[in-house]
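Structural overview for review
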Amino acid sequence: MNTRLIIFGMLLTACTVVSAQSMIGLTKEEVLVIVKKEHKEFRKDNMVVKQRFNYLKYVNAKKTRTWILYFTDEEICKTSKLVCDYSDYDEVLEDLNSSFQKVDDSRWEYIQDTATFEVNLIKEEWYFIVRETRK
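So, here is what we can say about the structure in this document. Just so you know, these numbers come straight off a predicted model, no measurement behind them.

A closer look at helix 2 (residues 28–38)
Those residues of helix 2 that fall on the buried side of the exposure criterion are Lys-28, Val-31, Ile-34 and Val-35. For helix 2, the arc enclosing every buried residue in end-on projection is 125°, short of the 170-degree limit, so these residues lie on one face. Residues of helix 2 that are exposed and point more than 90 degrees away from the buried face comprise Glu-29, Val-33, Lys-36 and Lys-37. On its buried face, helix 2 is in contact with strand 2 (55–60), strand 3 (65–71) and strand 4 (77–85).

Here's what the structure looks like:
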């Protein structure tokens, strides 16, 4: 019985850490390594017409999700934005609800280390956005 509780606790902790890992505060080099290793469903998109911002852009294989990570001049991630097709809405909403503490219908929060992060879901006409920032 005690072994089962210990294993369950370890799994719960591991799942919580994985789902709540934020890229915010990491260097661009760290983000490149983590995305390549832990987010294999995304491929880096280098198709940029005119780059005005310091960012990395990734697209999933189905091209239903675009993940953009914005960086400061010092190459530190300051915010992330996931632009999704509505075909992914239920899955993304379920993931947000299971991974973070819900604040209201379109906002979640979580704490990592000593920082509080805010996750906002913004509905647009043809797509929706999940934006993550440090609070």
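Having seen it, we continue.
Quick look at unusual backbone geometry
Positive phi is not limited to glycine here, since Lys-63 has a value of about 60°. Take Lys-63: it is sitting in the loop between strand 2 and strand 3. Judged by its relative accessible area of 68%, Lys-63 falls in the exposed class. Notably, Glu-75 is not glycine yet its phi reads approximately 70°, a positive angle. For Glu-75, the position within the fold is in the loop between strand 3 and strand 4.

Digging into the pattern of salt bridges
All told, the structure shown has eight salt bridges when counted by the stated rule. Two residues, Glu-91 and Arg-65, come together in a salt bridge whose shortest N-O distance is 3.5 Å. Residue Glu-91 is located in helix 3 (residues 89–99), and its partner Arg-65 is located in strand 3; the two are separated by 26 residues in the primary sequence. For Glu-91, a relative accessible area of 52% corresponds to the exposed category. Taking the relative accessible area as the measure of exposure, Arg-65 reaches 16% and is therefore buried. Glu-118 is paired through a salt bridge with Arg-107; the nearest N and O atoms lie 3.3 Å apart. Residue Glu-118 is found in strand 7 (residues 115–123), and its partner Arg-107 is found in strand 6 (residues 107–112); the two are separated by 11 residues along the sequence.

Rules of the game
Think of each chain on its own: its residues are numbered from 1, step by step along the sequence as written. Residue-level local features of this predicted model are given only where pLDDT is at least 70; pairs of side-chain atoms are given and counted only at 80 or more, and the full residue set underlies all totals for whole chains, interfaces and linings. Calculated side-chain values reflect all of the structure's heavy atoms, with hydrogen atoms and water omitted. Three exposure classes are used, based on accessible area relative to the maximum for each residue type with a 1.4 Å probe and protein chains only: buried under 20%, partly exposed in between, and exposed over 50%. Helix and strand labels come from DSSP, where a helix needs a run of H or I of at least four residues and a strand needs a run of E of at least two; each type is numbered from the N terminus. Our arc is simply the arc of the directions from the helix axis toward the C-beta atoms. When checking whether two residues touch, look at their non-hydrogen atoms; a contact exists if any pair is within 4.5 Å. Salt bridges are identified by distance alone: a Lys or Arg side-chain nitrogen within 4 Å of an Asp or Glu carboxyl oxygen.

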